[in-house]
Amino acid sequence: MKTKKGITYAVSIAITLLHILPFYLLLTTSLKPITDLSSKWRLPTKIDWSNFTNAWEGADLGRAFINNFVITAFSLLIVILLGSCAAYPLSRFQTKLNKSVYTVIIATLIVPPLTILVPLYQFYIDINGMNTYWGVILLHVTFSLPMAIFLYSGFIGTIPRELDEAAMIDGLSRFRLFFTIILPLLKPITATVLIMTGIHVWNDYQFSVFFLQKVDMRTITVALASFFGPNTNRINWVAAGSLLAALPATLLYLFMQRWFISGLASGAVKG
């Protein structure tokens, strides 16, 4: 028994260290002067805080943070509203049509976004969607909705149908039933969708680099990528900027972690 516990602890520690190592390298790199060419594994002998100010000013991270917040906030709002509203009838009414629609929605999860990049790019030029908030928000919503519907459908399936019947006997319409009774019960899975979708949208590079090409529309990932070039390699500034960019996502997870695991398990396993 003690041997089994020892192996479990050893594996847990190894996995923890494996996840911590990238952050350690990021931290040591961000604190070293740009002239320090020593191994990234070594702690800095002299801490250079100017990497953070240089990254903030050089990449115009202030503007990039605003762009990220606008895109992420509106994408999350639309995904949560549409995802929960679409999942409710798909989960509650198991008709052939609903099953077919659900199957098609889930099937889109296997389509890599980059496979349709060329026609999508041309389509956005035609509709004047380049370098606009609504254009990139629409992209994120489109590719995030299938997973949100999948998770919401599974979670709603765990809510007793008798709750719906009792509410309708009391005179509630389906609309009021969903928004006053069902939606508040979706808090755990909403936290899961919020974290998964929010981190994905916040860290997005593939859509931002193609569809937000103006300097004042750049997101954080694209802004930091500007430090790399044929004759430029500001890895210390990128590391410092990456740490700053990770703070909002980290705070979001710490705030909602108590709902995250339970919501993910209920939405994906029980559904």
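Residues numbered from 1 in each chain as written. Predicted model: local features only at pLDDT ≥ 70, side-chain atom pairs only at ≥ 80, totals over all residues. Heavy atoms only, no water.

The name an unreviewed UniProt entry gives the protein is Carbohydrate ABC transporter permease, with Paenibacillus rhizophilus as the organism. Taken from UniProt, the Subcellular location (unreviewed entry) comment for the protein reads in full: "Cell membrane". (UniProt positions renumbered as here; feature names shortened; annotations may be inferred.)

Thoughts on unusual backbone geometry
Peptide bonds are trans in most cases, and residues, glycine excluded, mostly fall at negative phi. For Asn 128, which is not glycine, the phi torsion reads 55° and is therefore positive. Secondary-structure assignment places Asn 128 in the loop between α5 (117-126) and α6 (133-156). Although it is not a glycine, Asn 131 sits at a positive phi angle of roughly 55°. For Asn 131, the position within the fold is in the loop between α5 and α6. (Helix = DSSP H or I, 4+ residues; strand = E, 2+ residues; numbered from the N terminus.)

Things to note about α6
For α6, the principal kink sits at Ser 144 and spans about 40°; a proline, Pro 146, occurs within the next four residues. Counted residue by residue, α6 has 17 buried out of 24 residues, so it is predominantly covered. Near the N-terminus of α6, the side chain that reaches the backbone nitrogen of Gly 135, with its oxygen 3.1 Å away, is that of Thr 132. (Bend = angle between axes of the 7 residues up to and from the residue. Buried < 20%, exposed > 50% of the residue type's maximum accessible area, 1.4 Å probe, protein only. Polar contact = N/O pair within 3.5 Å; in protein donor to acceptor, adjacent residues only side chain to side chain.)

Description of the UniProt feature "transmembrane region" (unreviewed entry) in the protein
Residues given the UniProt feature "transmembrane region" (unreviewed entry) here are residues 7-27, 65-88, 100-121, 133-156, 177-202 and 235-256. Helix makes up 100% of residues 7-27 and strand 0%, with an end-to-end C-alpha separation of 30 Å. For residues 133-156, helix accounts for 100% and strand for 0%, while the C-alpha atoms at its two ends are 32 Å apart.

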